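One letter stands for each residue in the lines below.
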Amino acid sequence: MENNKPLIDNELEQMRSQMAELKQMLDSQIRVNDQLLKKNIIDKSDKINRFGLTMLFLGIAAAILVPLMMYAIYHFSPACCIVTALLIAFDASFDYYNAHRVKSIDIANINFTEALTTLVSMKKLMRTSFAVGMVVLMPLMVWWAFEIYASPFFDMFDANTAGIARIAILVCLGFGVVVGLGVAVLLYNKQTRNITQLINTLEENQG
């Protein structure tokens, strides 16, 4: 029995060594998985933040250029130009604010439940703001149509030509609004997908 003791001790030592190596491998894999998860979360939240920043830049540009074009070409009233600029700027600012309610710099370090609550709130607020924007757009379009119809831009034409030109421009305005709505829907869906992907990632790894 005593002759077998060194052999048993050697086997136990090998088992301890193997267990230590296995634990080291598992710890290493856990660290790698945690790093990949954190990178995935940060990448997705960065995408959401970039969308908001892009919308802010585009919104500021549109809030300046669109009313200026309306005023310079068709002599829209200052009131219409100011209201248009403010609505565009407000919408762009809201997109920026909502997109930055969850930031990549700290999302990986906060409680997943807290982050999920914020992301769900972001989606609901986006949906509400989109619906409000559609409602606000309707009277604004009527105002634009009135401004175009009454524009002194058409005084240079005779009555028949002016009438045709008004209709043509109103049709172009309507087409432009439809295209703009299509782009708005695409952007809305894109940001919704970004938020949904991050929600799914957090839900899969919660707990």
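Numbering of residues begins from 1 in every chain and follows the order in which that chain's sequence is written. In keeping with the predicted nature of the model, local features appear solely for residues at pLDDT of at least 70, side-chain atom pairs appear and are counted solely at 80 or more, and the whole-chain, interface and lining totals rest on all residues. With hydrogens and water stripped out, all remaining heavy atoms of the structure feed into the side-chain values.

Okay, the nonpolar core next. In terms of nonpolar packing, the biggest core is built from 15 residues, with Ile-48, Leu-119, Met-122, Ile-195, Leu-198 and Leu-202 touching the most fellow members. Secondary structure elements are defined from DSSP: runs of H or I of at least 4 residues count as helices, runs of E of at least 2 residues count as strands, and each element is numbered from the N terminus. For this core, the elements supplying multiple residues, two or more each, are helix H1 (5–74), helix H4 (112–149) and helix H5 (159–205). Contact partners of Ile-195, with chain neighbours within four places excluded, come to Ile-48, Leu-119, Met-122, Lys-123 and Met-126. Counting residues in each nonpolar core, the second largest holds 13 residues, with Cys-80, Ile-148, Ala-162 and Ile-169 among its members. Definition of nonpolar core: a set of buried residues of the types Ala, Val, Leu, Ile, Met, Phe, Trp, Tyr and Cys, connected through side-chain atoms within 4.5 Å. For every residue, the accessible area (1.4 Å probe, protein chains only) is compared with the maximum for its type, and the residue is labelled buried under 20%, exposed over 50%, or partly exposed between those bounds. Throughout, a residue-residue contact means that at least one pair of heavy atoms, one from each residue, lies within 4.5 Å.

With that out of the way, let us pick up the environment of Ile-48. With respect to the secondary-structure elements, Ile-48 resides in helix H1. On the basis of relative accessibility, which here comes to 2%, the residue Ile-48 falls in the buried class. As for Ile-48 and Ile-195, which are separated by 147 residues in sequence, their C-alpha atoms are 6.8 Å apart. The contact partners of Ile-48, leaving out residues within four places of it in the chain, are Ala-99, Leu-119, Met-122, Gln-191, Asn-194, Ile-195 and Leu-198.

We now examine the packing of aromatic side chains. Here a Phe, Tyr or Trp ring, Trp counted by its six-membered ring, pairs with any other such ring whose centre lies within 6.5 Å, and the pair is stacked when the planes are under 30 degrees apart, edge-to-face when over 60, and tilted otherwise. Applying the stated rule across the entire model yields five aromatic pairs. Each ring, one from Phe-153 and one from Phe-154, has its centre 5.2 Å from the other, and the planes form 85°; the classification is edge-to-face. Here Phe-153 falls in the partly exposed class, since its relative accessible area comes to 23%. Residue Phe-154 is classed as buried on the basis of its relative accessible area, which comes to 1%. Members of the aromatic cluster, each reached through a chain of ring pairs, are Tyr-74, Phe-76, Phe-153, Phe-154 and Phe-157. Put simply, a charge is over a ring when the Lys NZ or the Arg CZ is close to the ring centre, within 6 Å, and near the line of the ring normal, within 35 degrees. In this structure, Arg-166 is placed above the aromatic ring of Tyr-149, and the distance from its NZ or CZ to the ring centre is 5.1 Å.

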